[in-house]
Amino acid sequence: MSNEDYREKIEEHRQTIEMEEKKSRMSRSNRNKIKNKRKFSLMNVLVILLLGIPLLLLIYVSAFYDPGKHEVAEVEKNNDTIVEFQTNNTVSASAKEKEPEVVQEEEEEEKQAAEAEAAKKAEAEKLAAEEAAKKAEAEKLAEEAAKKAEAEKQAAEEAAKKAEAEKQAKAKKQAEQEAKKQTSGKVHTVQANENLFRIALKYYNDASGVEKIKQANNLSSNDVYVGQTLVIP
């Protein structure tokens, strides 16, 4: 192969490489253009949305929204609800006349409800106080009854003790008299129209025997009764 042929081959090969490089550069540039177009279109959509939504809201508010159309007045009368719609911030004369009356009626109803609640509360407190007073009175009566029962019980016990003591003393006295009767052998039964002085004269022929008879029979006075048994010492 000659040098010239060799050069031609090299030149062809170089041209082929250049063409391939040009194609690759063109393809890359096309892809970049497509990407740029896509980015540009997405940005446009976002910008349109961001600008369009506020603009639509502004158009709606300016064209369709009217605050005066949403004013509503409600009046309750005899358990019936009357609804009046007022537009363009215009209120009828009848509504203006009725509103103070409705407010006054509501205030009066609230006042009556508050008074009724206060009266109910006061009545409940009064009943509670009366109940507490009744309870305290019942407790006081129960305590007094318990004290009275205790006092009666103590009095009964004391009376029983006293009766028992008197019974024992009487039995002791009778036993002593019986013992004296058995030891002395002289017993006198009081008869009608008799007294200690006559009995002493009968047995001792002297008035000094009265004291002997009283001591022997444990007598505290000169009184004797008919049928009484006396020991004569």
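Reading the values: rules and limits
- Residues numbered from 1 in each chain as written.
- Predicted model: local features only at pLDDT ≥ 70, side-chain atom pairs only at ≥ 80, totals over all residues.
- Heavy atoms only, no water.
- Helix = DSSP H or I, 4+ residues; strand = E, 2+ residues; numbered from the N terminus.
- Contact = heavy atoms within 4.5 Å.
- Areas by Shrake-Rupley, 256 points an atom, 1.4 Å probe, with all protein chains shown as cover.
- Polar contact = N/O pair within 3.5 Å; in protein donor to acceptor, adjacent residues only side chain to side chain.
- Salt bridge = Lys/Arg side-chain N within 4 Å of Asp/Glu carboxyl O.
- Buried < 20%, exposed > 50% of the residue type's maximum accessible area, 1.4 Å probe, protein only.
- Core = buried A, V, L, I, M, F, W, Y, C linked by side-chain atoms within 4.5 Å.
- pLDDT = per-residue confidence, 0-100.
- Arc of directions from axis to C-beta.
- Axes fitted to C-alpha atoms, helices over the stretch in contact; angles between N-to-C directions.
- Parallel < 35°, antiparallel > 145°, perpendicular 65-115°, else oblique.

As recorded in an unreviewed UniProt entry, the protein chain goes by the name LysM peptidoglycan-binding domain-containing protein, listed as coming from Ureibacillus galli.

Moving on to the overall build of the protein chain. Summing up its helical and strand segments, the protein chain has four helices and four strands in all. Sequence separation of 24 or more characterises 41% of the internal contacts of the protein chain that already satisfy a separation of 6 or more. Surface exposure of the protein chain reaches about 19,800 Å², of which carbon and sulfur atoms provide 55%.

Topologically, H188 is positioned in strand β3 (residues 187–189). Only 2.8 Å separates the side chain of H188 from the side chain of E194, close enough to count as a polar contact. With residues up to four places along the chain from it excluded, the contact list for H188 reads E194, I199, K202, Y203, Q228, T229, L230 and I232.

A few words now on the pattern of salt bridges. Inspection of every chain in the model, using the stated rule, returns one salt bridge. Note that E143 and K147 form a salt bridge whose closest N and O atoms lie 3.7 Å from each other. On the criterion of helical spacing, the pair formed by E143 and K147 is a turn pair, its members being four residues apart in helix α2 (residues 93–184). Among the residues examined, K147 registers a relative accessible area of 54% and is labelled exposed.

The next thing to look at is the nonpolar core. Within the largest apolar cluster, nine residues are counted, these being V190, L196, I199, A200, V210, I213, L219, L230 and I232. The leading source of residues in this core is helix α3 (residues 196–204), at three residues. Sequence-distant contacts of I213, that is, excluding residues within four places in its chain, are made with L196, I199, A200, Y204, L230, V231, I232 and P233.

Looking at the protein chain, pLDDT values average 77 and 74% of them are 70 or higher. Taking the mean pLDDT of every element in the protein chain, the minimum, 42, falls on strand β1 (residues 71–77) and the maximum, 89, on β3. Low pLDDT (under 50) marks residues 68–96, which in the prediction has 32 contacts with non-local residues, meaning those over four places away or in another chain.

What follows concerns α3. Those residues of α3 that sit buried are L196, I199 and A200. In a view along the axis of α3, the buried residues occupy a sector of 100°, so they form one face of it. Where the residues of α3 are buried, they touch β3, α4 (209–217) and β4 (229–231). One side-chain oxygen at the N-terminal end of α3 lies 3.2 Å from the backbone nitrogen of F197; it belongs to N195. Positioned one or two residues after α3, N205 has a phi angle of 55°, which is positive.

So, about unusual backbone geometry. One non-glycine residue, N193, adopts positive backbone phi at about 65°. Here N193 shows up in the loop between β3 and α3. Its relative accessible area of 67% is what places N193 among the exposed residues.

This brings us to the side chain of N217. Along the chain, N217 falls in helix α4. Note on N217: relative accessible area 1%, which makes it buried. In this structure the side chain of N217 is engaged in a polar contact, spanning 2.8 Å, whose partner is the backbone oxygen of I213. Side-chain polar atoms of N217 contact the backbone nitrogen of V231, separated by 2.7 Å.

Where α3 contacts α4, the two axes come as close as 8 Å, and the packing angle between them is 105°. Judged by the angle between their axes, α3 and α4 are roughly perpendicular. Where α3 abuts α4, its residues L196, F197, I199, A200 and Y204 lie against G209, V210, K212, I213 and K214.

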